[in-house]
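# Structural characterization, general
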Amino acid sequence: MIQYSYTIEPRADQLGGGWQLRLIQEGLEVGGGVFPVPAHDPVEGIDWWDALGEDDRAYWLTQAIEPTASEAFNAYLVASALADAEEHAKGWINSREQ
């Protein structure tokens, strides 16, 4: 049975931040991708913050570098980029195992 796996590693800020996905088959890298954290529009961040409930605000403030709405939105964007990389990797593995 062929072995499939992946790694996701943070990218350096000078490269744009986000995540580097490596798709691995039988111990060899066979593909991957970059999942950057998008630059955010302050208005988009305000809209996001305003749509959150109190519990979600509290959660994202704990994930932020500093407890501000702007940093909470950035933490959300970082987490979303990671989730996108994981979804892509799992989809790739599932497509190979079928």
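Each remark here, short or long, concerns the structure printed above.
Residues numbered from 1 in each chain as written. Predicted model: local features only at pLDDT ≥ 70, side-chain atom pairs only at ≥ 80, totals over all residues. Heavy atoms only, no water.

### Let's talk about the overall build of the chain
Our working rule: Helix numbers and strand numbers start at the N terminus; a helix is a DSSP run of H or I with at least 4 residues, a strand a run of E with at least 2. Computation of the radius of gyration draws on C-alpha atoms, with the globule rule given as 2.2 Å multiplied by the number of residues to the power 0.38. Partly exposed describes any residue whose relative accessible area lies between the buried limit of under 20% and the exposed limit of over 50%, with all areas from a 1.4 Å probe on protein chains only and scaled to the type maximum. What makes two residues a contact is simply this: any of their non-hydrogen atoms within 4.5 Å. Only the protein chains shown count as cover for residues, and the accessible areas themselves come from Shrake-Rupley with a 1.4 Å probe. Two residue types count as positive, namely Lys and Arg, and two as negative, namely Asp and Glu; His and chain ends fall outside the count. The atom standing in for a charge is NZ when the residue is Lys, CZ when it is Arg, CG when it is Asp and CD when it is Glu.
Along the chain, the regular secondary structure elements total three helices and three strands. When the helices and strands of the chain are placed in sequence order, the string is β-β-β-α-α-α. For 98 residues, the compact-globule estimate of 2.2 N^0.38 gives 13 Å, and the chain exceeds it by more than 25% at 16 Å. A burial count over the chain gives 28% of its 98 residues as buried. Put simply, 39% of the contacts in the chain that link residues at least 6 apart link residues at least 24 apart. As presented, the chain carries roughly 6600 Å² of accessible surface, and 52% of it is formed by carbon and sulfur atoms. If the 5 positive side-chain charges of the chain are averaged to one point and the 17 negative ones to another, these points end up 9 Å apart.

### Digging into the packing of helix H2 (residues 54-63) against helix H3 (residues 69-97)
We count it as follows: Under this scheme, a helix contributes an axis fitted over its contacting stretch, all axes are lines through C-alpha atoms, and angles between N-to-C directions fall in the 0 to 180 degree range. Geometric relationships in this document are graded by angle, where less than 35 degrees denotes roughly parallel, more than 145 denotes roughly antiparallel, 65 to 115 denotes roughly perpendicular, and other angles denote oblique. Here the term charged refers only to Asp, Glu, Lys and Arg, the term nonpolar to Ala, Val, Leu, Ile, Met, Phe, Trp, Tyr, Cys and Pro, and the term polar to all other amino acids, Gly among them.
H3 packs onto H2 with a crossing angle of 80° between their chain directions and a minimal axis gap of 8 Å. Compared by their axis directions, H2 and H3 come out roughly perpendicular. Counted together, Trp60, Leu61 and Gln63 of H2 and Ala69, Ala72, Ala75, Tyr76 and Ala79 of H3 form the full contact between these two elements. The residue inventory of the contact of H2 with H3, partitioned by class, reads seven nonpolar, one polar and no charged.

### What about the pattern of salt bridges?
The condition that has to hold: Within this document, salt bridges are pairs made up of a side-chain nitrogen of Lys or Arg and a carboxyl oxygen of Asp or Glu, the two lying within 4 Å of each other.
What the rule picks out here adds up to two salt bridges. Close ionic contact of Arg22 with Glu9 constitutes a salt bridge, the shortest N to O distance being 3.2 Å. With Arg22 in strand S2 (residues 19-25) and Glu9 in strand S1 (residues 4-10), the pair connects residues that are 13 residues apart, well separated along the chain. For Arg22, the salt bridge identified is with Glu29, shortest N-O distance 3.3 Å. Accessibility expressed as a relative area gives 28% for Arg22, which makes it partly exposed. Ionic contacts of the salt-bridge type, sharing partners, join the residues Glu9, Arg22 and Glu29 into one network.

### A look at the nonpolar core
Counted only if it meets this: Here, nonpolar core means buried Ala, Val, Leu, Ile, Met, Phe, Trp, Tyr and Cys residues that are tied together by side-chain atoms lying within 4.5 Å of each other.
Within the largest apolar cluster, 20 residues are counted, with the highest numbers of intra-cluster contacts made by Trp48, Trp60 and Ala72. Looking at this core, the elements that each hand over two or more residues are S2, helix H1 (42-51) and H3. The element best represented in this core is H3, accounting for nine residues. Leave out the neighbours within four places in its chain, and Trp60 touches Trp48, Leu52, Ala72, Ala75, Tyr76 and Ala79.

### Overview of H3
Operational definition: What a helix should span is 1.5 Å times the count of its residues minus one.
With 29 residues, H3 extends 42 Å from end C-alpha to end C-alpha; this agrees with the ideal 42 Å at 1.5 Å per step. The complete set of buried residues in H3 reads Ala72, Phe73, Ala75, Leu77, Ala81, Ala85, Ala89, Trp92 and Ile93. On its buried face, H3 is in contact with S1, S2, strand S3 (28-35), H1 and H2.

### A short note on unusual backbone geometry
Positive phi values are uncommon outside glycine, yet Glu26 reaches one of about 50°. On the secondary structure map, Glu26 appears in the loop between S2 and S3.

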